[in-house]
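Chain residues, written in single-letter form:
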Amino acid sequence: MIYSRNRRLRVNESMRGLVRECRLSTDDFVMPIFVMEGENKEEAISSMPGIFRRSIDLTVKECKELFSLGVKAVNLYMKVSEHLKDNTGKEAWNKDGLMQNTIKAIKDVVPEMIIMPDVALDPYSIYGHDGIIENGKILNDATNEALARMSVSHAEAGADIVAPSDMMDGRVLAIREALEESGFHDVGILSYAAKYASSFYGPFRSALDSAPKDNMEIPKDKKTYQMDFHNSREALNEVYKDVEEGADIIMIKPGLPYLDIVAKVREAIDLPIAVYNVSGEYAMLKAAAQNGWLENDKAIIESLTCFKRAGADMIFTYAAKEAAMILNR
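Conventions used here
- Residues numbered from 1 in each chain as written.
- Predicted model: local features only at pLDDT ≥ 70, side-chain atom pairs only at ≥ 80, totals over all residues.
- Heavy atoms only, no water.
- UniProt positions renumbered as here; feature names shortened; annotations may be inferred.
- Helix = DSSP H or I, 4+ residues; strand = E, 2+ residues; numbered from the N terminus.
- Expected span 1.5 Å × (residues − 1).
- Buried < 20%, exposed > 50% of the residue type's maximum accessible area, 1.4 Å probe, protein only.
- Pairing = 2+ DSSP bridges.
- Right-handed = clockwise from strand over helix to strand, strands pointing away.
- Patch = residues over 30% accessible without salt bridge, like charges linked within 9 Å, V, L, I, M, F, W, Y side chains within 5 Å.
- Areas by Shrake-Rupley, 256 points an atom, 1.4 Å probe, with all protein chains shown as cover.
- Salt bridge = Lys/Arg side-chain N within 4 Å of Asp/Glu carboxyl O.
- Axes fitted to C-alpha atoms, helices over the stretch in contact; angles between N-to-C directions.
- Left-handed = near helix turned anticlockwise from the far one by under 90°.
- Contact = heavy atoms within 4.5 Å.
- Nonpolar A, V, L, I, M, F, W, Y, C, P; charged D, E, K, R; others polar.
- 1 Å grid on protein atoms, 1.4 Å probe; cavity = no way out; pocket = protein on both sides within 12 Å on 5 of 7 lines; lining within 4 Å.
- Polar contact = N/O pair within 3.5 Å; in protein donor to acceptor, adjacent residues only side chain to side chain.
- Core = buried A, V, L, I, M, F, W, Y, C linked by side-chain atoms within 4.5 Å.
- Points joined across faces, edges and corners; volume = space filled by probe spheres on them.

Looking at an unreviewed UniProt entry, one finds the chain named Delta-aminolevulinic acid dehydratase and attributed to Chryseobacterium aquaticum. Per its UniProt entry, the chain bears the Sequence similarities (unreviewed entry) comment "Belongs to the ALAD family."

*Asks:* I keep staring at helix α4 (residues 140-157) and nothing clicks. Help me out?
*Replies:* A turn of α-helix holds 3.6 residues, and therefore any two residues three or four places apart point the same way. For α4, spanning 18 residues, the distance from its first C-alpha to its last is 26 Å, which sits close to the expected 26 Å at 1.5 Å a residue. Residues of α4 that are buried include every one of Thr143, Asn144, Ala146, Leu147, Ala148, Met150, Ser151, Val152, Ser153, His154, Ala155 and Ala157, and no others.

*Asks:* What is the right way to read the pairing of strand β11 (residues 273-277) from this model?
*Replies:* Each regular strand shows side chains that alternate between the opposite faces of the sheet. The buried count for β11 comes to 5 of 5 residues, which makes it a mostly enclosed element. Burial along β11 is two-sided: Ile273, Val275 and Asn277 and Ala274 and Tyr276, pointing in opposite directions, are all buried. Pairing between strand β10 (residues 249-253) and β11: 3 bridges, direction parallel. From the neighbouring strand, Met251 faces β11, where its bridge partner is Ala274. Regarding the hand of the β-α-β motif, the stretch spanning β10, helix α8 (residues 259-268) and β11 is right-handed. Bridge count between β11 and strand β12 (residues 314-317): 4 bridges; the pairing is parallel. Bridge pairing in β12 places Tyr276 opposite Phe316.

*Asks:* Just checking my understanding: could you explain a nonpolar patch on the surface for this structure?
*Replies:* A cluster of nonpolar side chains, contributed by Leu9, Leu18 and Val19, occupies part of the molecular surface with about 300 Å² of accessible area. With respect to the helices and strands, the residue Leu9 is situated in the segment before α1 (13-18). Classification of Leu9 as partly exposed rests on a relative accessible area of 44%.

*Asks:* Sorry if this is basic, but what is going on with the packing of helix α2 (residues 56-69) against helix α11 (residues 320-328) here?
*Replies:* A pair of packed helices can be characterised by two numbers: the angle between their axes and the separation between those axes. At their nearest, the axes of α2 and α11 sit 9 Å apart, and the two run at 35° to each other. The crossing of α2 and α11 is left-handed. Across from Glu62, Glu65, Leu66 and Leu69 in α2, the residues of α11 making contact are Lys321, Ala324, Met325 and Asn328. Classifying every residue of the contact of α2 with α11 gives 4 nonpolar, 1 polar and 3 charged.

*Asks:* How should I be thinking about the UniProt feature "active site" (unreviewed entry) in the chain in this particular structure?
*Replies:* In the UniProt entry, the feature "active site" (unreviewed entry) is given for Lys195 and Lys253. Taking the farthest pair of C-alpha atoms as the criterion, the annotated set spanning 59 residues converges on one region, since that pair is 4.8 Å apart. As for the lining of the largest cavity, the annotated residues named previously contribute Lys195 and Lys253. Tracing the sequence through the fold places Lys195 in strand β9 (residues 188-195). Residues contacting Lys195, with those up to four places away along its chain left out, are Asp130, Ser165, Met167, Tyr201, Gln226, Met227 and Lys253. For Lys195, the side chain forms a polar contact with the main-chain oxygen of Ser165, separated by 2.9 Å. The topology assignment puts Lys253 in strand β10.

*Asks:* Is there a simple way to explain the UniProt feature "binding site: Mg(2+)" (unreviewed entry) in the chain in this structure?
*Replies:* Feature annotation in UniProt assigns "binding site: Mg(2+)" (unreviewed entry) to the following positions: Glu238. Given the relative accessible area of 17%, Glu238 is considered buried.

*Asks:* Help me out: how do you make sense of the nonpolar core in this one?
*Replies:* One recurring pattern in soluble globular proteins: nonpolar side chains tend to sit buried together. Counting residues in each nonpolar core, the largest one holds 106 residues, and the members touching the most others are Phe34, Val74, Leu76, Leu190, Val265 and Phe316. With 7 residues, α4 is the largest single contributor of residues to this core. If we skip the residues at most four places from it in the chain, Val74 touches Val30, Met31, Ile33, Cys63, Leu66, Met113, Ile114, Ile115 and Met116.

*Asks:* What is the right way to look at the layout of surface pockets in this model?
*Replies:* Unoccupied space between atoms shows up once a probe the size of one water molecule is rolled over them. Here the largest pocket is characterised by a volume of approximately 400 Å³. Around the largest pocket sit 13 residues that line it, and Arg16, Arg20, Glu21, Cys22 and Thr305 are the ones nearest its centre. Elements represented by at least two residues in the lining of the largest pocket include exactly α1 and α10 (296-310). At 5 residues, α10 tops the list of elements feeding residues into the lining of the largest pocket.

This is the structure in structure tokens:
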């Protein structure tokens with residue numbers, strides 16, 4: 001005789017919903033957005049179906065629609081003109097730069113939208129690296145000074161949370177000190193604390209033309225500062241340091257292949273955890289759906305729910321708008 005039957009709690013959708021352990025909501029989503037120069041311009045990103053580079057005016061329009069769907073946070077990335085790139089990244093803290101003007105424009109029209117600008121030098125670098133280069137090496141401390149200036153500039157434009165994605169040592173402390181000294185006590189830091197040197201970033205780098213350049217005198221990849229994907233204990237070391245330095249939210253990137261890291265960090269800290277459902281993950285799902293190998297809507301919701309189940313509080317995903325429409329239905 002069987003007295004304990006787990007299937008009793010699976011008999012129908014009402015029962016399954018009653019005992020469900022985690023739930024996906026539009027409040028969980030952060031939508032990454034690509035911005036370009038110009039007016040009334042939109043360019044499709046071929047490797048990321050449904051994702052576009054847009055001029056500021058169309059970006060504001062998109063943010064209005066996202067907010068109406070319940071997506072209340074965006075993560076901004078700039079497609080920087082080649083003539084503005086150099087080895088210092090100085091365009092990153094131009095008060096009239098593309099990022100700064102985008103932040104102001106969104107806040108003017110959708111003031112309650114949470115804006116999280118990306119803090120990294122690679123879109124502004126002639127080398128495509130996240131740091132300043134000297135004698136073939138990425139300089140850690142000099143880069144931190146640039147990232148701090150960039151963060152203060154974003155705060156001055158109206159950013160709610162700055163999101164350093166560079167993986168330089170000590171940059172969270174440098175940014176926190178700069179924000180405090182400038183009076184931006186309420187501007188948060190979302191630190192990419194455990195960001196791996198991953199092969200899943202390809203579509204993103206093509207969208208911004210931010211991949212490391214093919215130059216024999218500089219590193220050909222980002223493995224000297226992003227994490228080795230073979231390691232997990234190292235992730236906790238990175239996370240603990242960023243927490244001590246003043247991070248408000250901890251990011252793990254990539255997402256789906258790194259759910260073990262999300263779960264491990266969740267057990268270790270009490271701060272909010274973000275996870276990035278990166279461009280390669282999104283592109284794979286879309287390619288499979290377009291070929292009829294996966295059912296698009298169900299695969300999106302299942303994959304995003306996995307992040308919540310692993311312990312994430314928020315999900316950066318290119319599927320945010322689409323997922324919000326599915327959930328709202």
